[in-house]
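Analysis of the macromolecular model
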Amino acid sequence: MSYPLINKKAVYASKFASPFGKRFGPDGRHAVSGITATVFGAYGFVGQYVCNQLGGRGSTCFIPFRGCEMEVRSIRQMFDHGQLGFMPFSPRDENSIYEAVKNSDVVINLIGKDYETKHFVPRRLPNGKLTRKNYSFHDTHVSVPETIARISKESGVKSFIHMSALSANPDSLSEWNRSKAEGELAVRREFPESIIVRPATVFGPEDRFLNDIATSLLARPNFGLVNRGVNTVQPVFAVDVAVAVNRIINGWKDFEGKTFQLAGPDVYTYREVVEFVADITGRRVNMFDCPTVLHNLRAFLIDLGIEPIVNPDMIKRMSEDNILIEDPNLLTFADLGMKPLSMEEESFNYLATYREGGHFKMVEGYYASDEERMEKEQKAT
């Protein structure tokens, strides 16, 4: 299915005046949009989509990265020659952060992690304590964004966009959710005009949401639900989030100090999400209510590894609703002139790979014509 939002008029917006007043050249990827951006976390799930939108309108981007340069090579194809610069950095090295942001108009922080990174072997901290942790939730979601925001402000950066989460809540049972809320406050202390973006659960071809469910159903039909699967989510498409970030850059002066909550058009329970994935993939599923203590035990054991697919904090997050908050002070897609796409419209494009026969077998009920659906309903009654 095509992506109606991905077109020059709606996304790249290069026909409009540059938000920083330096645009020239033709429209599209070979233009010079006048935007110079530093994107932290650019090679993450959402980060790649944000970079593609920036590159598609001819922006200049600096991409700070840790580790091997091979991890960020996929971003090269998103930009025209001379418009992209990779910069090795460490979140604990303030000089490397300064070098990454000093020439930019806008800094976008997308750094985040579903789990606390760790080593196999414990290391000794300066205070003498032993720990396997490398970056805790507090480090990743509070300390690092706070440092980037402070250095950006000191460097004269005009706009700072910080990616938080719709589930950010200082009173949450989840440490991840609490750290996201604390991170927002830390960023605003250092850069009061910063723009906060709170996406809901993000879905897309590389997500750790629908893909994880489909992988589980591919291995076995039994699926244990957390809290009977009654908690709700409002999934948002990764491309929509990336487009929204670019539109926020266009109107950065109007959005200074504002907070956006970005969620899809539909609300689902976790049980409905699993049923949806099972229908799309054509897999049989036997859902049952698994006791929380068993979920936590399994998550604890898996979390002993360095790249866990689940951890005890994720179980707490799945036990809380993650939907839009009714607050007139919070902006949404509507304030950007956007209508987000639903999970049912887009997820078939990549979930079909989990089907026996792939996309060559149609999904009953999702791609049927109106006449076929009506005929099915009549037979059912």
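Above this text you will find the structure in question.
Everything in this summary refers to the structure shown in the same document. (Residues numbered from 1 in each chain as written. Predicted model: local features only at pLDDT ≥ 70, side-chain atom pairs only at ≥ 80, totals over all residues. Heavy atoms only, no water.)

**Regarding the overall build of the chain**
In terms of helices and strands, the chain carries 13 helices and 16 strands. Relative to its 381 residues, the chain shows a buried fraction of 50%. Once local pairs closer than 6 in sequence are excluded, the contacts in the chain between residues at least 24 apart make up 74%. Total accessible area on the chain is roughly 18300 Å²; 53% of this is exposed by carbon and sulfur atoms. (Helix = DSSP H or I, 4+ residues; strand = E, 2+ residues; numbered from the N terminus. Buried < 20%, exposed > 50% of the residue type's maximum accessible area, 1.4 Å probe, protein only. Contact = heavy atoms within 4.5 Å. Areas by Shrake-Rupley, 256 points an atom, 1.4 Å probe, with all protein chains shown as cover.)

**Structural notes on the sheet that holds strand β16 (residues 330-331)**
With parallel pairing, 8 strands are arranged side by side in an open sheet as β3-β2-β1-β4-β7-β8-β13-β16. Taken across any chain shown, the strands that pair with only one partner, and hence form the sheet edges, are β3 (84-88) and β16. Inspection of the sheet shows strand β2 (residues 60-65) paired to β3 by 5 bridges, in the parallel sense. When the sheet's bridge partners are listed, F65 is paired in β3 with P88. Packed onto the sheet, helix α3 (residues 94-101) meets β1 (36-40), β2, β3 and β4 (106-109) and runs at close to 145 degrees relative to β1. Where helix α4 (residues 137-154) meets the sheet, it contacts β1, β4 and β7 (159-163), and its direction lies at approximately 170 degrees from that of β7. (Pairing = 2+ DSSP bridges. Axes fitted to C-alpha atoms, helices over the stretch in contact; angles between N-to-C directions.)

**Some details on α4**
Between its terminal C-alpha atoms α4 stretches 25 Å, which fits the 26 Å expected from 18 residues at 1.5 Å a residue. A bend of about 25 degrees at S143 is the largest found in α4, and the proline P145 appears one to four places after it. Among the residues making up α4, those that are buried are F137, T140, H141, V142, V144, P145, T147, I148, A149, I151 and S152. Just downstream of α4 lies G156, where phi reads positive at about 85 degrees. (Expected span 1.5 Å × (residues − 1). Bend = angle between axes of the 7 residues up to and from the residue.)

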